[in-house]
Amino acid sequence: LHTRCRYRWLPPLFVPGPIETLDVGFGNGAFSLAAACKGNRVTAISMDQGQVDKAEFYFESRREQITFLCLNAYKLRDLGRQFDQIICLETLEHIRDDQGMIRLFYDLLRPGGVLQLCCPNAAHPEHNLGRVNGPEDGGHVRDGYTLASYRKLLEPVGFVIEKHLGIGSPILTTLDHPIRWVRGHGGDALALPLFMLLWPIIFLFDRPKPPIPFSLHVVARKQSHSE
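Residues numbered from 1 in each chain as written. Predicted model: local features only at pLDDT ≥ 70, side-chain atom pairs only at ≥ 80, totals over all residues. Heavy atoms only, no water.

Caption draft 1: Representation of helix 1 (residues 2-9) in the model. For helix 1, the set of buried residues is His2, Cys5 and Arg6. Seen end-on, helix 1 carries its buried residues on one side only, within an arc spanning 95°. At its buried positions, helix 1 is contacted by helix 2 (30-37), strand 5 (109-120), strand 6 (159-167), helix 6 (170-186), helix 7 (188-205) and strand 7 (215-222). (Buried < 20%, exposed > 50% of the residue type's maximum accessible area, 1.4 Å probe, protein only. Helix = DSSP H or I, 4+ residues; strand = E, 2+ residues; numbered from the N terminus. Arc of directions from axis to C-beta. Contact = heavy atoms within 4.5 Å.)

Caption draft 2: Main features of the pairing of strand 5. The element strand 5 is extensively covered by neighbouring structure, given that nine of its 12 residues are classed as buried. Of the strand pairs in this sheet, strand 4 (residues 83-89) and strand 5 are connected by six bridges, and their pairing is parallel. Looking at the pairing, Ile87 lines up with Gln116 of strand 5. Read as a crossover between parallel neighbours, the route from strand 4 over helix 4 (residues 98-108) to strand 5 is right-handed. The pairing of strand 5 with strand 7 spans seven bridges and is classified as antiparallel. Considered in strand 7, the bridge of Pro120 is made with Ser215. (Pairing = 2+ DSSP bridges. Right-handed = clockwise from strand over helix to strand, strands pointing away.)

Caption draft 3: Summary view of the pattern of salt bridges. Summed over the entire model, instances satisfying the criterion amount to 12 salt bridges. Here Arg41 makes a salt bridge to Glu20, at a shortest N to O gap of 2.8 Å. Residue Arg41 is located in strand 2 (residues 41-46), and its partner Glu20 is located in strand 1 (residues 20-24); the two are separated by 21 residues in the primary sequence. The exposure class of Arg41 is partly exposed, given its relative accessible area of 37%. (Salt bridge = Lys/Arg side-chain N within 4 Å of Asp/Glu carboxyl O.)

Caption draft 4: Structural view of the packing of aromatic side chains. Throughout the structure, instances matching the rule amount to nine aromatic pairs. Between Phe195 and Trp199, the ring centres sit 6.2 Å apart and the planes meet at 15°, which makes this aromatic pair stacked. Linking Phe195 with Trp199, this pair stays in helix 7, spanning four residues, or about one helical turn. What links up through ring pairs into an aromatic cluster is the set Tyr7, Phe14 and Phe31. The cationic tip of Arg8 hangs over the ring face of Phe203; the distance from NZ or CZ to the ring centre is 4.3 Å. (Phe/Tyr/Trp six-rings, centres within 6.5 Å; stacked < 30°, edge-to-face > 60°. Lys NZ or Arg CZ within 6 Å of the ring centre and 35° of its normal.)

Caption draft 5: Local environment of the packing of helix 1 against helix 7. Where helix 1 contacts helix 7, the axes come no closer than 11 Å and their chain directions differ by 40°. On the basis of the axis angle, helix 1 is oblique to helix 7. Helix 1 and helix 7 meet at a crossing whose hand is right-handed. Packed against helix 1, whose contacting residues are Arg4, Cys5 and Arg8, the element helix 7 presents Phe195, Trp199, Ile202 and Phe203 at the interface. Here the contact of helix 1 with helix 7 is composed, by residue class, of five nonpolar, no polar and two charged. (Axes fitted to C-alpha atoms, helices over the stretch in contact; angles between N-to-C directions. Parallel < 35°, antiparallel > 145°, perpendicular 65-115°, else oblique. Left-handed = near helix turned anticlockwise from the far one by under 90°. Nonpolar A, V, L, I, M, F, W, Y, C, P; charged D, E, K, R; others polar.)

Caption draft 6: Inspection of the packing of helix 1 against helix 2 at higher detail. Running from N to C, helix 1 and helix 2 point in directions that differ by 15°, and their axes come no closer than 11 Å. Relative to helix 2, helix 1 is oriented roughly parallel. Of the two possible hands of crossing, helix 1 and helix 2 adopt the one that is right-handed. When helix 1 is examined against helix 2, the residues Thr3, Arg6 and Tyr7 are found in contact with a partner set consisting of Ala30, Phe31, Leu33 and Ala34.

Caption draft 7: Spatial organisation of the environment of Asp53. For Asp53, the location among the structural elements is in helix 3 (residues 49-58). A sequence separation of 17 residues divides Asp53 from Cys70, and the C-alpha atoms of the two residues are 9.2 Å apart.

Caption draft 8: Structural view of the pairing of strand 7. Most of strand 7 sits inside the fold, with seven of its eight residues counted as buried. The sheet contact formed by strand 6 and strand 7 spans eight bridges and is antiparallel. Paired with Val160 across the strands is Arg221, a residue of strand 7.

Caption draft 9: Spatial organisation of the environment of Ile179. Counting through the fold element by element, Ile179 comes out in helix 6. You can call Ile179 buried: its relative accessible area is 8%. Once the C-alpha coordinates of Ile179 and Leu198 are considered, the two residues, 19 residues apart in sequence, prove to be 8.9 Å apart. Filtering out sequence-adjacent residues up to four positions away, Ile179 remains in contact with Leu1, Ala191, Leu194, Phe195 and Leu198.

Put into structure tokens, the structure is as follows:
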């Protein structure tokens, strides 16, 4: 449900047109597809070869627009390219050197380029667990970010936050728990009917900017030389 919520509210913020977009930690490829649907040429990276293989199979019809690569985010300079937009959704909280990664994103963006960054809201009760500098073992290295900590991370590098959006209402969080429990104990076959039952409720009642959002998204721009 959280992925569906993000897919509903975030792609409208993506830059449209025939631009070059980098998707860092593409997950199931949904947001790479969303960028491609807006006319972007997308390079999507994951350090999981299994994710790359699945994405290449499911999005085979989009292979002229989307290139899926198995690559560690720390090795992004190996691409030898710059981009007009970088999408990094629910990934930075897994990376220990977030400051270094943001500097890398800045270097990889062309002047005026846009960073789409979404992470857990560190102030949400489910995230506020006191994690600060945990190990890079696949889990969350830190609780997440607030708008203030986003500014502290992004602005010294040279990014300007142009928009911010909180997503994930209490009703979404509450209804997502039983789906995850059923999926964990019975697999997708049992979870899918429950998901189909609950999704219309979320679609009708979940709205952006709840009082304590589950995730926080920012649109940050790399200033051009004239700014």
